[in-house]
Every structure is written in structure tokens, then in C-alpha cells.
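Listed below, chain by chain, are the residues.
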Protein chains: 2
Amino acid sequence: MGNRQFTGAPEDADLTRADSLAREIFSDVANKWALLIIECLGDRTLRFSELRDGVAGISHKMLTQNLRMLERNGLVERTVHPTVPPRVEYVLTEPGRGLRATIDGMCAWTQRYLGHIEESRHRFDA
Amino acid sequence: MGNRQFTGAPEDADLTRADSLAREIFSDVANKWALLIIECLGDRTLRFSELRDGVAGISHKMLTQNLRMLERNGLVERTVHPTVPPRVEYVLTEPGRGLRATIDGMCAWTQRYLGHIEESRHRFDA
DNA sequence: CGGTATCCGGAGGGATACTG
DNA sequence: CAGTATCCCTCCGGATACCG
């Protein structure tokens, strides 16, 4: 896999539209909150407040903001139930579940190297 | 896989040390620049300046900062050749290569859903 | 060439209040 | 309950300059 679409400099005149789009999507998605939200959703259907409680220390604002972004990119589906009080539910779409699979990989990786990393930190800090 | 170590609230008294460490590592690693640097390195050995040219629009400062962080966590190995001018080289360690595999997954995912996402964006923006 | 230090503008993101 | 808007301040991160 040639990854110039991710690593290529944006000022490069040869950079195709697809390349810069890929980079844009990558930048949207490769951030802490987005990944944690997707991981928290998993294969469940959750309400806004359940997500707020479910994702560590995320603020109301960040949650809304990231959910909008994920919805815009078609990774989550938002369903509003016109009841009172309102009930809004979020689920991963198929692309969203695809991304989730790779995030699961990152989580597993973290678990696996937890010890390695902690050691390395101590060595480095000395 | 129980992911409470990632999604659990930090103020939760039951949160174990391992859980918060996992969260900390995840936060370090789940950021745009770190992921792009790792992806750019791949299985190559690159100099500082090669990385700066290789990673799209990254600044001197961000590159140094992220490389230090990755080195501290034991994901990259830094080798200084005591020549003049100095030559400093970076390679992924074994844990680093493990993480890289999952990032490859994210890149592949991006490529795969490029079309889906672009469409979704247009629909949303209307 | 690679790294550190300093400055500083602007985005990120929290707290709060208000609407439907 | 979910979402938007406003305020406000921190700190991210770019630009620049200077060391080894």
C-alpha cells in the first residue's frame, strides 16, 4: 500500500484530490475523542447521555461536536424519537463498524504492551 | 474485550492503575501526528529531516515533540551518530511495529470508504 | 543537521445559561 | 433530555532564533 496520500506534503502540486480527502478524513478520525466514542458505542445503540457517562471525562460540548462530525462522515447514525422529553439514539453504521474493528486492534495493542511501555517510560525518565 | 479501561470515567474510584495507564497511553498514541509519523516510518530507518519531509505539513516542533513521546513510550528507537554534522536515525521498535499494523488498518479503511464518506458529507451539508 | 528555547496568536475545549 | 450559544481562558502549535 502506497501511503503517499497520508504522508505526502499538501503543498505538493501532484497531490490528487483523493489524496487530500484521505488526509482530511484521517485527521477527522485520528483523534482521541472520536476513537473513544466509536469504541464506546461498539455494537450498541446508546443515547446521548449514556455516551456522556460512558466516555471518560468527555464534556457535553466535545461529545456533541464529535458526534456531529461522525454523523457527517457517515460513521454513526442519529435517530431522534419525537417524544417529550426527546430521546436521541446513536449507532455505528457499517463504515463505522469497520473503523471500530481497527480501533479494537489499537485497544488490544495497548493492553498487550502496557508493561513494556511502563518500563520504557521509567527508563526514559531516568 | 471489556473496554472499561478506555471508556471508564477517571473519577471512578474503582478505576485501577492499569486502567488509567491504558487510557494515558491511548491518549498519547491516538493523535494525528503520532499516527502519521509511525505510518511514515513503516519498516524504514529515517533521519529527522527525512521524517519532516515525509510527514505532510508537520512542523519542526511537533515532530521533535512527538518523536520524544514515542521514544519515551518505547515505540521508536533513536540512534545518534556522533559525526559532524550529526546524523540521527529513527526506527520502529517491535511494539511500534505492532501499533503500525493497526494504523495500516486505519489507512486501508480510509481508502475503502473514501467514496462513502464523501457522499455522506455532501448529503449532510445539504 | 538536529534539538532546545522563546514568543505569541488562535484554536481547543470547559462552564454556564437558555431553548424546544 | 438533547442541542445551541456565549464567554473565557488555557495551551497547542507555528515562527523564529540560537546552540552543539
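Parameters at a glance
Residues numbered from 1 in each chain as written. Chains lettered and ligands numbered in written order. Predicted model: local features only at pLDDT ≥ 70, side-chain atom pairs only at ≥ 80, totals over all residues. Heavy atoms only, no water. Least-squares fit on C-alpha atoms with pLDDT ≥ 70 in both. Contact = heavy atoms within 4.5 Å. Pairing = 2+ DSSP bridges. Helix = DSSP H or I, 4+ residues; strand = E, 2+ residues; numbered from the N terminus. UniProt positions renumbered as here; feature names shortened; annotations may be inferred. Near = heavy atom within 4 Å. Polar contact = N/O pair within 3.5 Å; in protein donor to acceptor, adjacent residues only side chain to side chain. Nonpolar A, V, L, I, M, F, W, Y, C, P; charged D, E, K, R; others polar. Buried area = accessible area lost by both parts, 1.4 Å probe. Salt bridge = Lys/Arg side-chain N within 4 Å of Asp/Glu carboxyl O.

### A word on the relation of the copies chain B and chain A
Part 1: Superposition of chain B onto chain A requires a rotation of 180° combined with a translation of 0.0 Å along the rotation axis, giving an RMSD of 0.0 Å. Here the symmetry operator amounts to a two-fold rotation axis. Closest approach to the rotation axis within chain B is made by the C-alpha atom of B:N31, at a distance of 2.5 Å.
Part 2: Most of the interface of chain B is mirrored in chain A, where 100% of its interface residues are also at the interface.

### Some words on the pairing of strand β2 (residues 76-81) of chain B
All names here are of chain B.
Part 1: Two strands pair when backbone bridges link them, and β2 and strand β3 (residues 87-92) are joined in this way by six bridges, in the antiparallel orientation. Counterpart to V76 in the pairing with β3 is L92.
Part 2: What sits between the antiparallel neighbours β2 and β3 is a turn of five residues.

### With respect to the UniProt feature "domain: HTH hxlR-type" (unreviewed entry) in chain A
Part 1: According to UniProt, the "domain: HTH hxlR-type" (unreviewed entry) feature falls on residues 18-118 of chain A.
Part 2: Across residues 18-118 of chain A one finds 66% helix and 14% strand; the C-alpha atoms that close the span lie 39 Å apart.

### Brief notes about the protein's contact with DNA strand D
Part 1: Every one of the 15 residues lining DNA strand D counts as a neighbour, but A:F48, A:S49, A:Y90, B:S59 and B:K61 are closest to it.
Part 2: In DNA strand D, atoms within 4 Å of the protein come from the sugar-phosphate backbone in 60% of cases.
Part 3: Within the contact set of DNA strand D, a phosphate oxygen lies 3.5 Å away from a backbone nitrogen or oxygen of A:F48.
Part 4: Put simply, the parts of the chain that give the surface near DNA strand D at least two residues each are α4 (48-54), α5 (60-72) and β3 (87-92) of chain A together with α5 (60-72) of chain B.
Part 5: Looking at the surface near DNA strand D element by element, the count peaks at three residues for α5(A).
Part 6: Among the residues forming the surface near DNA strand D, the class breakdown is seven nonpolar, four polar and four charged.

### Side note on the interface of chain B and chain A
Part 1: Contact with chain B, which involves 61 residues of that partner, is made by 61 residues of chain A.
Part 2: Buried surface at the junction of chain B and chain A, summed over both partners, amounts to about 5,300 Å²; 66% is from carbon and sulfur atoms.
Part 3: On the chain B side of the contact with chain A, B:R72, B:W109 and B:R121 bury the most area, a combined 14% of that side's loss.
Part 4: Counting across the chain B and chain A interface gives six salt bridges.
Part 5: Among the salt bridges present, the one from B:D125 reaches A:R72, with a minimum N-O distance of 2.5 Å.
Part 6: One can count 22 residue pairs in polar contact (both at pLDDT 80 or more) joining chain B with chain A.
Part 7: Taken together, the elements giving at least two residues each to the side of chain B that touches chain A come down to α1 (4-7), α2 (17-29), α3 (32-41), α5 and α6 (94-124) of chain B.
Part 8: Top contributing element to the side of chain B that touches chain A by residue count: α6(B), with 23 residues.
Part 9: Residues belonging to the side of chain B that touches chain A are distributed by class as follows: 29 nonpolar, 17 polar and 15 charged.

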